[in-house]
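# Residue-level structure breakdown
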Amino acid sequence: MHSGTMQELPLSRRRFVGSLLLGTAAGALTVGRAAADAPPKLDVKDPAAMAVGYVDNANQVDTKKYPSYVQGSNCENCLQLQGKPGNEYRPCSLFAGKVVAVGGWCSAWTAEM
Ligand code: SF4
């Protein structure tokens, strides 16, 4: 009597563990897909980025090349920045399909109104 129950137990445990693993795999796939959907970061060597002197850290602005640089200006306080505050990388209306560093800067910087 008891032996029947004992024999079933490992099988149900195996099924339980199996479904847990499947759940974890499905979760990992979902997370992977979400990451793949995130727009790529704008590369500073991207020709479009280089054309406007984009840097991903405003402290690296070549002020000799860009004398119009305003101290303290960066993507975060630029009119062109889109997306939700709080994210380190956000879309910019200048670079469709890419995200820029909020601490970055380019010569198209325009003060927020
Ligand atoms: Fe940053 Fe503004 Fe240049 Fe976009 S336009 S990269 S938000 S400084």
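What counts, and where the lines are drawn
Residues numbered from 1 in each chain as written. Predicted model: local features only at pLDDT ≥ 70, side-chain atom pairs only at ≥ 80, totals over all residues. Heavy atoms only, no water. Near = heavy atom within 4 Å. Nonpolar A, V, L, I, M, F, W, Y, C, P; charged D, E, K, R; others polar. Phe/Tyr/Trp six-rings, centres within 6.5 Å; stacked < 30°, edge-to-face > 60°. Helix = DSSP H or I, 4+ residues; strand = E, 2+ residues; numbered from the N terminus. Buried < 20%, exposed > 50% of the residue type's maximum accessible area, 1.4 Å probe, protein only. Lys NZ or Arg CZ within 6 Å of the ring centre and 35° of its normal. 1 Å grid on protein atoms, 1.4 Å probe; cavity = no way out; pocket = protein on both sides within 12 Å on 5 of 7 lines; lining within 4 Å. Points joined across faces, edges and corners; volume = space filled by probe spheres on them. Polar contact = N/O pair within 3.5 Å; in protein donor to acceptor, adjacent residues only side chain to side chain. Pairing = 2+ DSSP bridges. pLDDT = per-residue confidence, 0-100. Contact = heavy atoms within 4.5 Å. Lys, Arg positive; Asp, Glu negative; His and termini not counted. Salt bridge = Lys/Arg side-chain N within 4 Å of Asp/Glu carboxyl O.

## With respect to the site of the ligand
Taken together, Tyr54, Cys75, Cys78, Gln80, Leu81, Cys92, Leu94, Phe95, Cys106 and Trp109 are the residues near the ligand. Looking at the shell around the ligand residue by residue, the class counts come to nine nonpolar, one polar and no charged.

## What about the packing of aromatic side chains?
For the structure shown, the criterion picks out three aromatic pairs. Between tyrosine 54 and phenylalanine 95, the aromatic rings sit 6.3 Å apart at their centres with planes inclined by 55 degrees, giving tilted as the arrangement. Residue tyrosine 54 is located in the loop between helix H2 (47–51) and strand E1 (89–92), and its partner phenylalanine 95 is located in strand E2 (residues 95–101); the two are separated by 41 residues in the primary sequence. Here tyrosine 66 and tryptophan 105 contribute two aromatic rings whose centre-to-centre distance is 5.6 Å and whose plane-to-plane angle is 65 degrees, an arrangement assigned as edge-to-face. Here tyrosine 66 is found in the loop between H2 and E1, whereas its partner tryptophan 105 is found in the segment after E2, with 39 residues between them in sequence. Classification of tryptophan 105 by relative accessible area gives buried; the value is 2%. Chaining the aromatic ring pairs together yields one cluster made of Tyr66, Tyr69 and Trp105. One Lys or Arg, lysine 41, reaches over the ring of tyrosine 89 and ends 4.4 Å from the middle of that ring.

## Describing empty space enclosed by the protein
Taken as a whole, this structure holds one cavity of 30 Å³ or more when the rule is applied. Of the volumes computed, that of the largest cavity is approximately 90 Å³. Forming the walls of the largest cavity are 13 residues, and the residues nearest its centre are Cys75, Cys78, Gln80, Cys92 and Cys106. Broken down by class, the residue content of the lining of the largest cavity amounts to 12 nonpolar, one polar and no charged.

## Brief notes about the side chain of aspartate 46
Here aspartate 46 shows up in the loop between helix H1 (2–37) and H2. The buried category is assigned to aspartate 46, whose relative accessible area is 17%. A distance of 2.8 Å separates a polar atom in the side chain of aspartate 46 from the backbone nitrogen of alanine 48.

## With respect to the pairing of E2
Examined bridge by bridge, E1 and E2 share four bridges and lie antiparallel to one another. Counted as the bridge partner of proline 91 is valine 99 from E2. Hairpin remark: E1 followed by E2, antiparallel, with two residues in the connecting loop.

## Describing the confidence of the model for the protein
Here the protein shows a mean pLDDT of 82. Residues at 70 or above account for 68%. Taken as a whole, residues 1–6 scores under 50 in pLDDT and shows zero contacts with residues more than four places along the chain or in a different chain.

## A closer look at the side chain of arginine 90
Tracing the sequence through the fold places arginine 90 in strand E1. Buried and unpaired, arginine 90 has no salt bridge, with glutamate 76 as the nearest side chain of opposite charge at 4.5 Å. A polar contact of 3.3 Å, which involves the side chain of arginine 90, links it to the backbone oxygen of lysine 84. For arginine 90, the contacting residues outside a window of four places in its chain are Glu76, Leu81, Gln82, Gly83, Lys84, Pro85, Val99, Val100 and Val102.

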